[in-house]
Amino acid sequence: MTQPRTWLTAAFVRLVAGIAIAVPAALLIGASPAAAHPMPHSVVELDVHQTAVNARLELPVGEFAVASGIDLSDATRATLSRRAAAIRAYLGRHIRPATASGTQWRVTVGALSVSRAEQTSTGQYRELVAEAVLTPPAGGDVRHFTFGYDVIVHQVVTHVALVSVRQDWAAGQVDGKGTTQVGTIQIDTRTMTVPALKVDLGDGSVWRGFLAMAELGGDHILTGTDHLLFLLILLLPAPLAVRGRRWDGLVSSRTALVRIGRITLAFTAGHSVALAASALGRLDVPAWPVEAFIAASILVGAVHAVRPLFPGREAIVAGVFGLGHGLAFSFVLAEMHLSTGQLVTSLLGFNLGIELVQLLLVCLALPALLLLARLRAQPVLRLTGAALTGTAALGWLLDRLGWPNPVARAADGAGTHTTALLAVLAGTAVTALTWTLAARRHPAADGATQLQRVEEDRDGEAASAPAQGA
C-alpha cells in the first residue's frame with residue numbers, strides 16, 4: 001500500500017509543478033508590450049494667475065488614442081491641425097473645474113503640439129501637449145476649487161494624472177525651478193468613478209509675491225554672466241588715467257570711486273527705465289536682437305579696457321547700453337503673464353533685487369579694482385581680463401546671430417557657479433583691504449608715500465583736464 005501512495009504523490013507533485021510553469025509562461029507569451037512595461041502617466045501643470053488658471057497637459061499619445069479614439073501616433077503639424085477640433089472637443093468634455101458650490105468654470109483649450117518625452121520607468125514615448133485656460137465665474141476663487149478631470153482615466157483604468165502647480169505668484173512661486181505637487185487623479189476601483197481633486201492653495205499675499213520677485217531679480221543678475229561682465233569690464237579701467245590713446249598711470253582713489261559710482265548708477269538708471277517701459281507697456285520685442293546687442297556691448301567694453309574708446313564718458317555709455325540690458329530683464333516678467341497690479345508690484349520687487357545684488361557685487365569688487373590698479377602686473381592682468389571677456393562676448397554674439405559655438409556654452413555655464421563667484425570676490429576684497437591697511441602702516445616699505453604724491457598729481461591733472469582724466 002505504501003508504493004501506490006508514493007506514486008500518486010509523485011504524480012501530483014509533477015502536475016502542480018507543470019501548472020506552476022505553464023501558467024506564467026502562457027501569460028508572458030500572450031502579454032502585450034504595453035502590459036509588459038509600466039504605462040507613462042499624464043502631467044497637469046497649473047499656473048495660477050489673479051483671475052484665471054493656465055493648465056499645461058502632457059498626455060501620452062498611445063493612451064490618449066485608446067481613450068479618445070483619436071490616433072496621433074504619426075501626427076505631423078498638418079494632421080494635428082486637421083484633428084485639432086476633435087482634440088479640443090474631447091478635452092473640453094473631460095476637464096471640468098468648478099467652484100466649491102459647484103458652479104462650472106469656463107475651459108478654453110488653445111495650442112496643441114506633439115513631442116517626444118521620457119519618464120524613468122517607461123523610457124521614451126510621444127506625448128500630446130495641450131494648453132488650456134480655466135476661468136472661474138465672476139467672484140470665483142482661483143486658489144480654492146474642485147478640479148474635475150478624467151482625461152484618459154475614464155477609459156484606461158490604470159492611468160494616473162499627476163497635478164502640480166508650476167507658477168503661483170501670490171504664494172511666492174515664480175522662479176520656474178520646480179513644481180508643487182497638488183495631488184493625483186485616478187479611478188476609484190471600489191466605485192469605478194474618477195473623484196474630482198480638491199485644490200486648496202492656501203492664502204496668497206502681495207507681500208509674498210513681492211519678496212519672490214526680489215529674490216528672482218537678485219538671482220537673475222547673479223547668474224546673468226553677460227550682465228555682470230558688462231558692468232565689471234567697464235569698471236576695470238576706472239582707477240586709471242589716460243595719456244594720449246592709452247591707459248597710463250593712476251587717478252586718485254576719490255576720483256576712481258566717483259567714476260565707479262557714476263558708471264554703476266548710469267547702468268542702473270538705463271536698465272531700470274527700459275525694464276519699466278517694456279514691462280508696463282507690454283512691448284513684444286524679439287529676444288535675439290536684444291541678446292545680440294548685449295553681447296556687442298560687452299565686446300565694446302572689453303576693447304575699451306584695452307584702449308580707451310570713450311574716456312570720461314563711461315557713465316553715458318553704461319546708461320545707453322543699460323537700456324538693452326533692461327529689455328532683456330523684461331523678458332522674465334513677460335513670460336509670467338501677470339495682471340497689471342501684480343506686474344507693478346513685480347517690477348518694483350524684481351528691480352530691487354537686481355539693484356541690491358548689483359550693489360553687493362560692486363562693493364565686493366571695489367577693493368580689488370583699486371588694488372589691481374596699483375600693482376606692477378596691472379597691465380598684464382587688465383589685458384588678460386579684457387581678452388577673456390572679449391572672447392566670451394564674441395562667442396555670445398556669434399551664438400545669438402545663429403552660429404552656436406563652444407565658447408558661448410562655456411560662458412553660459414559660468415553663470416551656474418554663483419557660490420564660487422561670490423567666494424572669489426569676497427576673498428579678493430578681504431585680501432585687497434588687508435593689503436591696503438598694511439601699506440598704510442608701513443608706507444616706507446612699499447612706497448605708499450610716493451603713491452600718495454602720484455595720486456595728488458593725478459588729482460590736479462584730472463581737475464584741469466577732465467576729458468583726459470578718464
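Residue numbers restart at each chain and count upward from 1, following the sequence in its written direction. Restriction of local features to residues with pLDDT of at least 70 applies here, the model being predicted, together with a cutoff of 80 or more for giving and counting side-chain atom pairs; totals for whole chains, interfaces and linings are based on all residues. Each side-chain value is worked out from all heavy atoms of the structure, with water and hydrogens disregarded.

Enquirer: Help me out: how do you make sense of the overall build of the chain in this one?
Expert: Comment: elements are numbered from the N terminus, with helices defined as DSSP H or I runs of at least four residues and strands as E runs of at least two. Secondary structure summary: the chain contains 15 helices and 11 strands in total. Note on contacts: a residue pair is in contact if any heavy atoms of the two residues lie within 4.5 Å. A separation threshold of at least 6 residues defines the contact pool for the chain, and within that pool the share at least 24 residues apart is 73%.

Enquirer: What is the right way to read helix 5 (residues 206-223) from this model?
Expert: Because an α-helix completes one turn every 3.6 residues, residues spaced three or four positions apart along the sequence face the same direction. Between the first and last residue of a helix there are one fewer steps than residues, each counted as 1.5 Å, and that sum is the expected span. Here helix 5 spans 26 Å end to end across 18 residues, near enough to the 26 Å set by a 1.5 Å rise per residue. Among all positions in helix 5, only Gly209, Phe210, Ala212, Met213, Ala214, Leu216, Gly217, Gly218, Ile221 and Leu222 are buried. Exposure is judged per residue with a 1.4 Å probe applied to protein chains only, and the accessible area is read against the type maximum: over 50% gives exposed, under 20% gives buried, and values in between give partly exposed.

Enquirer: How do you make sense of a nonpolar patch on the surface when you look at a structure like this?
Expert: The grouping of Trp288, Leu394, Leu398, Leu401 and Trp403 at the surface amounts to a nonpolar patch, some 550 Å² of accessible area in total. Locating Leu398 in the fold gives a position in helix 11 (residues 378-400). Only residues above 30% relative accessible area that lack a salt bridge enter a patch, with like-charged residues linked at up to 9 Å and the nonpolar side chains Val, Leu, Ile, Met, Phe, Trp and Tyr linked at up to 5 Å. Here the accessible surface of atoms and residues is derived via Shrake-Rupley with a 1.4 Å probe, and residues count as covered only by protein chains that are part of the display. The salt bridge criterion pairs a side-chain nitrogen of Lys or Arg with a carboxyl oxygen of Asp or Glu, the two atoms within 4 Å.

Enquirer: What is the right way to look at the environment of Ile185 in this model?
Expert: One can find Ile185 in strand 8 (residues 180-185). Along the sequence, Ile185 and Val153 sit 32 residues apart, while their C-alpha atoms lie 8.1 Å from each other. Those residues in contact with Ile185 that lie beyond four places of it in its chain are Phe147, Tyr149, Val153, His159, Val160, Ala161, Val163, Val194, Pro195 and Leu197.

Enquirer: Could you clarify how one ought to interpret the pattern of salt bridges in this entry?
Expert: Two side chains of opposite charge can pair, provided their charged atoms sit close to one another. Per the stated rule, a full pass over the model turns up 11 salt bridges. A salt bridge links Arg190 to Asp188; the nearest nitrogen and oxygen atoms lie 3.4 Å apart. Classification of Asp188 by relative accessible area gives buried; the value is 18%. Arg246 is the partner of Asp248 in a salt bridge, and the nearest nitrogen-oxygen pair spans 3.8 Å. Among the residues examined, Arg246 registers a relative accessible area of 42% and is labelled partly exposed. Salt bridges linked by common partners bring Glu45, Asp47 and Arg166 together as one network.

Enquirer: Before we go on, may I ask you to explain the pairing of strand 11 (residues 246-250) in this structure?
Expert: Look at any regular strand and the pattern is simple: side chains alternate between the two faces of the sheet. Where strand 10 (residues 240-243) meets strand 11, 3 bridges bridge the pair, whose relative direction is antiparallel. Looking across to strand 11, one finds that Arg243 is bridged to Arg246. DSSP-based pairing: two strands are paired if at least 2 bridges between them are found. In sequence, strand 10 turns back onto strand 11 through a hairpin of 2 residues, with Gly244 there showing a positive phi of about 65°.

Enquirer: Can you help me understand helix 4 (residues 77-94) in this one?
Expert: Counted at 1.5 Å a residue, the expected span for helix 4 with its 18 residues is 26 Å, and the 24 Å between its end C-alpha atoms agrees. Note on bend: the value at a residue is the angle between axes fitted to the seven residues ending there and to the seven starting there. Roughly 50° is the biggest bend found in helix 4, and it falls at Arg83.

Enquirer: Help me out: how do you make sense of the confidence of the model for the chain in this one?
Expert: Low-pLDDT portions of the prediction should not be read for the details of their coordinates. Overall, the prediction assigns the chain a mean pLDDT of 83, with 82% of residues at 70 or greater. The spread of mean pLDDT over the elements of the chain runs between helix 2 (residues 33-36), the lowest at 38, and strand 3 (residues 95-98), the highest at 96. A residue's pLDDT is the confidence the predictor assigns to it, expressed on a 0 to 100 scale. Predicted confidence for residues 20-37 stays below pLDDT 50, and this span has 2 contacts to residues more than four positions away or in other chains. Segment residues 460-470: pLDDT under 50, and 13 contacts once partners within four positions in sequence are set aside and those in other chains are kept.

Enquirer: Please clarify how the packing of helix 9 (residues 314-334) against helix 10 (residues 340-372) should be interpreted in this entry.
Expert: Geometrically, a packed helix pair is captured by the angle between its two axes and the distance between the axes. Convention adopted: a line fitted to C-alpha atoms gives each axis, helices being fitted over their contacting stretch, and angles between N-to-C directions are expressed from 0 to 180 degrees. Where helix 9 meets helix 10, the closest approach of the two axes is 11 Å, and the angle between their N-to-C directions is 135°. With respect to their mutual orientation, helix 9 and helix 10 come out oblique. Here helix 9 and helix 10 pass one another in a crossing that is right-handed. Residues Phe329, Val332 and Leu333 of helix 9 touch helix 10, and the partners they reach there are Leu343, Ser346, Leu347, Phe350 and Ile354. Gly is placed with the polar residues, together with every amino acid not listed as nonpolar (Ala, Val, Leu, Ile, Met, Phe, Trp, Tyr, Cys and Pro) or charged (Asp, Glu, Lys and Arg). Within the contact of helix 9 with helix 10, the residues separate by chemical class into 7 nonpolar, 1 polar and no charged. To sort the angles, those under 35 degrees are grouped as roughly parallel, those over 145 as roughly antiparallel, those from 65 to 115 as roughly perpendicular, and the leftovers as oblique. Crossings are assigned a handedness: left-handed for a near helix turned anticlockwise from the far helix by less than a right angle, right-handed for a clockwise turn.

Enquirer: Mind showing me how you'd approach the packing of aromatic side chains here?
Expert: Each aromatic ring pair is summarised here by two numbers: the centre-to-centre distance and the angle between the ring planes. For this analysis, a ring pair means two rings from Phe, Tyr or Trp (six-membered ring only for Trp) whose centres lie within 6.5 Å, classed as stacked if their planes differ by under 30 degrees, edge-to-face if by over 60, and tilted for the remaining angles. All chains considered together, the criterion is met by 8 aromatic pairs. Note on Phe145 and Phe147: the rings are 6.5 Å apart at their centroids and 80° apart in plane angle, and the pair reads as edge-to-face. For Phe145, a relative accessible area of 4% gives the class buried. Take Phe147: its relative accessible area is 1%, and that puts it in the buried class. An angle of 50° between the planes, with centres 5.5 Å apart, marks the rings of Phe230 and Phe267 as tilted. Taken together, the positions of Phe230 in helix 6 (residues 225-235) and Phe267 in helix 7 (residues 253-280) put the pair 37 residues apart, joining distant regions of the chain. We classify Phe230 as buried; its relative accessible area is 1%.

Enquirer: Would you mind going over the sheet that holds strand 6 (residues 144-149) with me for this structure?
Expert: Hydrogen bonds between backbone atoms are what pair the strands of a sheet, whose relative direction is either parallel or antiparallel. In space, the 3 strands of this open sheet follow the order 3-6-9, with antiparallel pairing throughout. At either end of the open sheet lies a strand with only one pairing partner, and these are strand 3 and strand 9 (197-200). Taken pair by pair, the neighbouring strands of this sheet meet at an average axis angle of 25°, ignoring direction. Inspection of the sheet shows strand 6 paired to strand 9 by 4 bridges, in the antiparallel sense. Directly across from Phe147, in strand 9, lies its bridge partner Leu197. The strands that helix 4 touches are strand 3 and strand 6; relative to strand 3, the one it contacts most, it runs at about 40°.

Enquirer: Looking at this structure, I do not really get unusual backbone geometry. What am I missing?
Expert: Most peptide bonds take the trans configuration, and most residues that are not glycine carry a negative phi. Of note in the backbone geometry, Ile152 takes a positive phi value of approximately 70° without being a glycine. With respect to the secondary-structure elements, Ile152 resides in the loop between strand 6 and strand 7 (161-168). The class of Ile152 is buried, set by a relative accessible area of 0%. A positive phi is found at Arg282, a non-glycine position, where the angle reads about 50°. With respect to the element layout, Arg282 can be found in the loop between helix 7 and helix 8 (287-306). When its relative accessible area of 47% is taken as the criterion, Arg282 is described as partly exposed.

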